[in-house]
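This is what each chain is made of:
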Amino acid sequence: VWGQLPHVYDRVDSFTDVICPMYPSIDEIIEWAYITAPKLNEQRPFIMCEYAHAMGNSSGSLSDYWDVIKKAHGLQGGFIWDWIDQGILMKDENGREWHAYGGDFGEA
């Protein structure tokens, strides 16, 4: 029912119950927490709708984000895109397993 559930939309923060940017940098969340939110007296939680893409071993710098999130009022974390690989388990000529995807199959 309208009005009873939180509203989240990553493109229009003025009509949502959550500030939910997509892929903000660490510097941007620091600026939000310590400069912008206090200046605006912003009380809504800041939850990144996406802040990392975890395909393969690409999810580096999560600890850098969480160092800031744990210290700053209002920052409540975020969501990871593709926490599970979308690849197909393959074996190379030596029997080592690896995940193939996309261009590994010769697609243009």
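Everything quoted here is computed from the prediction, not taken from an experiment.

The rules we used
- Residues numbered from 1 in each chain as written.
- Predicted model: local features only at pLDDT ≥ 70, side-chain atom pairs only at ≥ 80, totals over all residues.
- Heavy atoms only, no water.
- Buried < 20%, exposed > 50% of the residue type's maximum accessible area, 1.4 Å probe, protein only.
- Helix = DSSP H or I, 4+ residues; strand = E, 2+ residues; numbered from the N terminus.
- Arc of directions from axis to C-beta.
- Phe/Tyr/Trp six-rings, centres within 6.5 Å; stacked < 30°, edge-to-face > 60°.

**Structural notes on helix α2 (residues 62-71)**
Argument step 1. Buried residues of α2: L62, Y65, V68 and I69, and no others. For α2, the arc enclosing every buried residue in end-on projection is 130 degrees, short of the 170-degree limit, so these residues lie on one face. Across from the buried face of α2, at angles greater than 90 degrees, the exposed residues are K70 and K71.

**Describing the environment of Q43**
Argument step 1. Relative to the assigned elements, Q43 resides in the loop between α1 (26-40) and β1 (46-53).
Argument step 2. C-alpha separation for the pair Q43 and V18, spaced 25 residues apart in sequence, amounts to 9.2 Å.

**Observations regarding the packing of aromatic side chains**
Argument step 1. Across all of its chains, the model carries two aromatic pairs by this definition.
Argument step 2. Between Y51 and Y65, the ring centres sit 5.1 Å apart and the planes meet at 65 degrees, which makes this aromatic pair edge-to-face. Within this pair, whereas Y51 is found in strand β1, its partner Y65 is found in helix α2, the two being separated by 14 residues in sequence.
Argument step 3. Taking relative accessible area as the criterion, Y51 reaches 7% and is therefore assigned buried.

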